[in-house]
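This is what each chain is made of:
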Amino acid sequence: MFKELIKKVGMAVAPELTLELLSARSQKLIIEIEERTGMLAASHKFVAEHGRTVLRGPFQGLRYSERVARERNQVHRLVGSYENELYAWCEEIIERQYPVLLDIGTADGFYAVGFARRMPDTRIIGFDTDRWAREATQELAEENGTGNVEVLSMCSPDWLHRNLEPDTLIFSDCEGYEMVLFNPNLLPGLLECDMVIELHERPAPGVEKAIRERFEGSHDIRMVTYGEHDPAEFPELEVIEPEMRAQAISEGRGGPQNVLFLTRRQAN
Ligand SMILES: C[S@@+](CC[C@H](N)C(=O)[O-])C[C@H]1O[C@@H](n2cnc3c(N)ncnc32)[C@H](O)[C@@H]1O
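Because the structure is a prediction, the values reported are computed rather than measured.

A.B. asks: Any details on the environment of Ser 172? Residues and values, ideally.
C.D. replies: With respect to the element layout, Ser 172 can be found in strand E4 (residues 168-172). Between the C-alpha atom of Ser 172 and that of Glu 139, which follows or precedes it by 33 residues, the distance is 21 Å. If we skip the residues at most four places from it in the chain, Ser 172 touches Ile 104, Gly 105, Glu 178, Met 195, Val 196, Ile 197 and Glu 198.

Below, the structure written as structure tokens:
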């Protein structure tokens, strides 16, 4: 309760700093959990056998840096199970070759740099309020020789208001902040863009309904729901102990989660 109050006050007074502090805390927690559960050790085993290059999916061939592969469980991304419900949409985005792609919440840069490799003429702007994530994304861009990725900190309505260009693809996974960002009443430029938005109902109750209502007049809206993946579908996982395989590719969602793909009706 007290923590929630501090967070609320922090977000109202200094949102960027508050998010930076909160994400540093959650990065620390992730590292502790991955070490304690043996997930990191399983990931090292996987990398020792199969390397640190993504094996399948739209970002096949994307190569992780030595540091990120050492610090984080990367098995789900490397084996090609991670959010594979979005693969068809990723290919659609790549085919469409948007001039600008915003990736809001880059984490280690999987999408920002994955798209950058496949869309070399697209200007990719990644945002993350977390320092580790920004450094990891830069490193991934360097490792893969992609010169079309810029990495910024917070994506705010103000930034979008000043910089959003028509025909941009916005790829968003920002932990509930989508409720604030995706409001065409405040940011009419969004009506000229296509958007993939991961929905976070827990921090932003009612967000799916709100976003559908805000864009139902202007966009076609498709939805997928993330589910669990079957380790048996990925033979490379055999290097990991059987009891660790499901956990190594788990995305830790604690339940189904929806993602929307909004494409402008008039432009498609
Ligand atoms: C779950 S992670 C993103 C994972 C990434 N989509 C992936 O699948 O690899 C969410 C990230 O969003 C960042 N974030 C949250 N709100 C943000 C905002 N307004 N601007 C930039 N980054 C934000 C957090 O720091 C966090 O790293």
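A.B. asks: Outline the nonpolar core, supporting the account with residue identities and numerical values.
C.D. replies: Leu 101, Ala 116, Ile 197 and Ala 248 are the most contacted members of the largest nonpolar core, which totals 64 residues. With six residues, helix H7 (residues 110-118) is the largest single contributor of residues to this core. Residues within four places of Ala 248 in sequence aside, it is in contact with Met 39, Ala 42, Ser 43, Asn 73, Val 75, His 76, Leu 237 and Ile 240.

A.B. asks: Could you give an account of the site of the ligand, with specific residues and numbers?
C.D. replies: Surveying the vicinity of the ligand reveals 18 residues, the closest of which are Gly 105, Ala 107, Asp 130, Asp 173 and Cys 174. Split by residue class, the shell around the ligand holds eleven nonpolar, three polar and four charged.

A.B. asks: Explain the pairing of E4 residue by residue, including any values.
C.D. replies: Counting buried positions over the five residues of E4 gives five, a clear majority of the element. Judged by which residues are buried, E4 turns out to be covered on both faces: Thr 168, Ile 170 and Ser 172 on one side and Leu 169 and Phe 171 on the other are all buried. Pairing analysis gives five bridges linking strand E1 (residues 100-104) to E4, with the strands arranged parallel. Of the residues in E4, the one forming a bridge with Leu 101 is Leu 169. Pairing analysis gives four bridges linking E4 to strand E5 (residues 194-198), with the strands arranged parallel. When the sheet's bridge partners are listed, Leu 169 is paired in E5 with Asp 194.

A.B. asks: I'd like a description of the environment of His 200, backed by residues and values.
C.D. replies: Mapping His 200 onto the fold places it in the loop between E5 and helix H11 (207-215). A count of 19 C-beta atoms within 10 Å places His 200 in the partly exposed class. Apart from the residues within four sequence positions on either side, His 200 is in contact with Glu 175, Gly 176, Glu 178 and Val 207.

A.B. asks: I'd like to hear about H7, residue by residue, with values.
C.D. replies: Summarising burial for H7: nine of the nine residues are buried, a large majority. Within H7, burial applies to Phe 110, Tyr 111, Ala 112, Val 113, Gly 114, Phe 115, Ala 116, Arg 117 and Arg 118.

Rules and cut-offs
Residues numbered from 1 in each chain as written. Predicted model: local features only at pLDDT ≥ 70, side-chain atom pairs only at ≥ 80, totals over all residues. Helix = DSSP H or I, 4+ residues; strand = E, 2+ residues; numbered from the N terminus. Contact = placed C-beta atoms within 7 Å. Core = buried A, V, L, I, M, F, W, Y, C linked by C-beta atoms within 7 Å. Buried ≥ 20, exposed ≤ 12 C-beta atoms within 10 Å, placed from the backbone. Near = placed C-beta within 6 Å. Nonpolar A, V, L, I, M, F, W, Y, C, P; charged D, E, K, R; others polar. Pairing = 2+ DSSP bridges.

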